[in-house]
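The chain contents come next:
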Amino acid sequence: MKDLFEPVCPLDFRYGRDKMKRILSHPARVRNILKVEAALLEELAEEGLVPPEAAQEVREKATLEHVSLKRVEEIEGEIRHDLMAIVKALTEVCRGDAGRYIHLGVTSYDIIDTAIALQLKDALDVIEEDLKGLIVELARKAKEHRETPMIGRTHGQHAVPITLGLKLSVWTVEFLRHLKRLEEAKARVLVGKMSGATGTGAALKALGVEDTVEFERRLLEKLGLGREEGSTQIVQRDRFNELISLMANISTTVEKVATEIRTLQRTEIGELYEVFDVKSQVGSSTMAHKRNPITLENITGLARMVRANLTPTFESSIQWNERDLANSSAERFTIPHTLILTDDILVKLKGAIGSLGVDRERMLKNLYLTKGAVMAEALMIELVKKGYGRQEAHEVVRRIAMRAQERDQHMLDAALKDGVVGKLFGREELAEILDPLHYIGDSARRCDEVIGLVEKSLGVRI
């Protein structure tokens, strides 16, 4: 018979980094709950409502070295309440009568939501670190290729030339905006509460706390958290909506980048590619020639799982009156899974960008693939400079481009035979106009602008 406790969730054995898993693990959750319980007693002791020696005893014993997770599990099996199981386990290991003061004047979610905020604080520090690392990697690659020409594409068709540096800059500045969003969101997301069963602070007030608002603020400040100004029994879940929405937004940019590189790795395009270890890596179980972009495909799938957590997150913010328990089970999935996967895909994308393969020769070949047709806009602009109206010039060039494509003819030859263009430009002048390498605008300058933003924002030198 199979062991019923074999891993089921892929996070247990396949995806995610240990660093983030430790932050969001069950032991870390319990550790933070113990930390909040101890902080509560210290604050009550300062108010003169709990003996200082009792607060000190609880502080010393409120660790996983003293409170056994196995014992917590045993108690929960009996009483079917996760928070009270921790309270009882902590009470058991405290000397004297210190245990009688634990959890005094508060409700479960004063402790749980504040503990979650502590976990989020650590987790978001990691996400911030990930974003900064990825931004720097992208900016470095953008600087390296600020003048590397390639064809731009719209609607899946060749458009006009760009540079690879410009493409990378677009991604870079988008992640820079995500970093700014994260910084702004922290103040709204990293908050706790200590206001009791319905948010009134009545139990603390009855206990003898003169100003429960200031009590709450001081306690949370010592934990490095903000305060939920308008709480019910819980911290209001619009804050979690913002958090998971931000992670979904970040994951969308990650997938966008991964998808773009994958499309440019297609055999018939071959401009960018994920590095493949030709010595040992297997691309296909049957097609031995394959070099599949497996990391980028992995990123794509995991990014979709991050966004999948949006629906249960938003639905969990809808509570019956001052709260129900429907959010609890969902949040045990949505919060850790979202953050673990976001961290995972950011780190993987950084690695893929750092080792990104660039085929400059293929880029040049593709740039000339349409035999000058991609320079139609440039020719139209030159006609306008010769005195033609924009619409009239567009029609002249459109006619030439369509004729050239129908006859599989170079744009230069078709233009020289045109009654309008042939009279205005000689072959050499027209060849200059239709050269894609002369039509990348201020791509390099725009790239430099983004690099400058990165350097200013992160205080680094690219």
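This write-up is about the structure you can find in this document. (Residues numbered from 1 in each chain as written. Predicted model: local features only at pLDDT ≥ 70, side-chain atom pairs only at ≥ 80, totals over all residues. Heavy atoms only, no water.)

Topic: the packing of aromatic side chains
For the coordinates displayed, the defined rule picks out 0 aromatic pairs. Cation over ring: R323 sits above Y109, and NZ or CZ is 4.1 Å from the ring centre. (Phe/Tyr/Trp six-rings, centres within 6.5 Å; stacked < 30°, edge-to-face > 60°. Lys NZ or Arg CZ within 6 Å of the ring centre and 35° of its normal.)

Comments concerning the environment of I112
When you line up the elements, I112 lands in helix 6 (residues 108–144). Among residues more than four places away in sequence, those in contact with I112 are R29, I33, D82 and L83. (Helix = DSSP H or I, 4+ residues; strand = E, 2+ residues; numbered from the N terminus. Contact = heavy atoms within 4.5 Å.)

Observations regarding the side chain of E128
Mapped onto the secondary structure, E128 falls in helix 6. Among the polar contacts listed, one links the side chain of E128 to the side chain of K186, at a separation of 2.5 Å. If sequence neighbours within four positions are ignored, E128 has contacts with L179, L182, E183 and K186. (Polar contact = N/O pair within 3.5 Å; in protein donor to acceptor, adjacent residues only side chain to side chain.)

Notes on the pairing of strand 1 (residues 149–154)
Pairing of strand 1 with strand 2 (residues 157–163), which is carried by 5 bridges, proceeds in the antiparallel orientation. Bridge pairing in strand 2 links M150 to I162. In textbook terms, the turn of a hairpin is the stretch between consecutive antiparallel strands, and for strand 1 and strand 2 this stretch comprises 2 residues, one of which, H155, has a positive phi near 55 degrees. (Pairing = 2+ DSSP bridges.)

Topic: the side chain of K21
Among the secondary structure elements, K21 is positioned in helix 1 (residues 18–23). No salt bridge forms around the buried K21; measuring N to O, its nearest opposite-charge neighbour D18 is 4.7 Å away. Among the polar contacts listed, one links the side chain of K21 to the backbone oxygen of Y15, at a separation of 3.0 Å. With near-sequence residues (within four places) excluded, K21 lies in contact with L11, D12, Y15, G16 and I340. (Buried < 20%, exposed > 50% of the residue type's maximum accessible area, 1.4 Å probe, protein only. Lys, Arg positive; Asp, Glu negative; His and termini not counted. Salt bridge = Lys/Arg side-chain N within 4 Å of Asp/Glu carboxyl O.)

Section: helix 5 (residues 82–93)
In this model, helix 5 (12 residues) spans 17 Å end to end at C-alpha, consistent with the 16 Å of a helix rising 1.5 Å per residue. Among the residues of helix 5, those classed as buried are L83, A85, I86, V87, A89 and L90. Looking at the buried positions of helix 5, the neighbouring elements they touch are helix 2 (26–46), helix 3 (52–61), helix 4 (69–79) and helix 6. (Expected span 1.5 Å × (residues − 1).)

Some points on the packing of helix 6 against helix 7 (residues 164–189)
Helix packing for two helices is described by the angle between their axes and how far apart those axes are. The N-to-C vectors of helix 6 and helix 7 enclose an angle of 160 degrees; their axes lie 9 Å apart at closest approach. It follows from the interaxial angle that helix 6 and helix 7 lie roughly antiparallel. Considering only the axes of helix 6 and helix 7, their crossing is left-handed. Its residues assigned to classes, the contact of helix 6 with helix 7 comprises 16 nonpolar, 4 polar and 6 charged. (Axes fitted to C-alpha atoms, helices over the stretch in contact; angles between N-to-C directions. Parallel < 35°, antiparallel > 145°, perpendicular 65-115°, else oblique. Left-handed = near helix turned anticlockwise from the far one by under 90°. Nonpolar A, V, L, I, M, F, W, Y, C, P; charged D, E, K, R; others polar.)

Re helix 16 (residues 390–406)
With 17 residues, helix 16 ought to run about 24 Å at 1.5 Å a step, and its terminal C-alpha atoms sit 24 Å apart, in line with that. Among the structural elements, helix 15 (376–385), helix 17 (411–416) and helix 18 (421–424) are those in contact with the buried residues of helix 16. Downstream of helix 16 by one or two residues, D408 has phi in the positive range, about 55 degrees.

Thoughts on the nonpolar core
The biggest cluster of nonpolar side chains holds 108 residues, and the ones touching the most others in it are F175, M247 and L339. If you tally residues by element for this core, the top one is helix 6, at 19 residues. Residues L379, L383, V397 and A404 belong to the second largest nonpolar core, which totals 24 residues. (Core = buried A, V, L, I, M, F, W, Y, C linked by side-chain atoms within 4.5 Å.)

Notes on unusual backbone geometry
Positive phi outside glycine occurs at R80, with the angle close to 60 degrees. Mapped onto the secondary structure, R80 falls in the loop between helix 4 and helix 5. Residue classification places R80 among the exposed positions, given a relative accessible area of 75%. Phi angles above zero are rare outside glycine, and R323 is one such case at about 155 degrees. Considering the arrangement of structural elements, one finds R323 in the loop between helix 12 (310–316) and helix 13 (326–354). On the basis of relative accessible area, R323 is assigned to the buried category, the value being 15%.

Considering a nonpolar patch on the surface
Nonpolar side chains collect at one region of the surface, where L364, Y368 and L437 lie side by side and expose about 250 Å² of accessible area between them. With respect to the helices, strands and loops of the structure, Y368 is situated in the loop between helix 14 (360–367) and helix 15. Overall, Y368 belongs to the partly exposed group, its relative accessible area being 39%. (Patch = residues over 30% accessible without salt bridge, like charges linked within 9 Å, V, L, I, M, F, W, Y side chains within 5 Å. Areas by Shrake-Rupley, 256 points an atom, 1.4 Å probe, with all protein chains shown as cover.)

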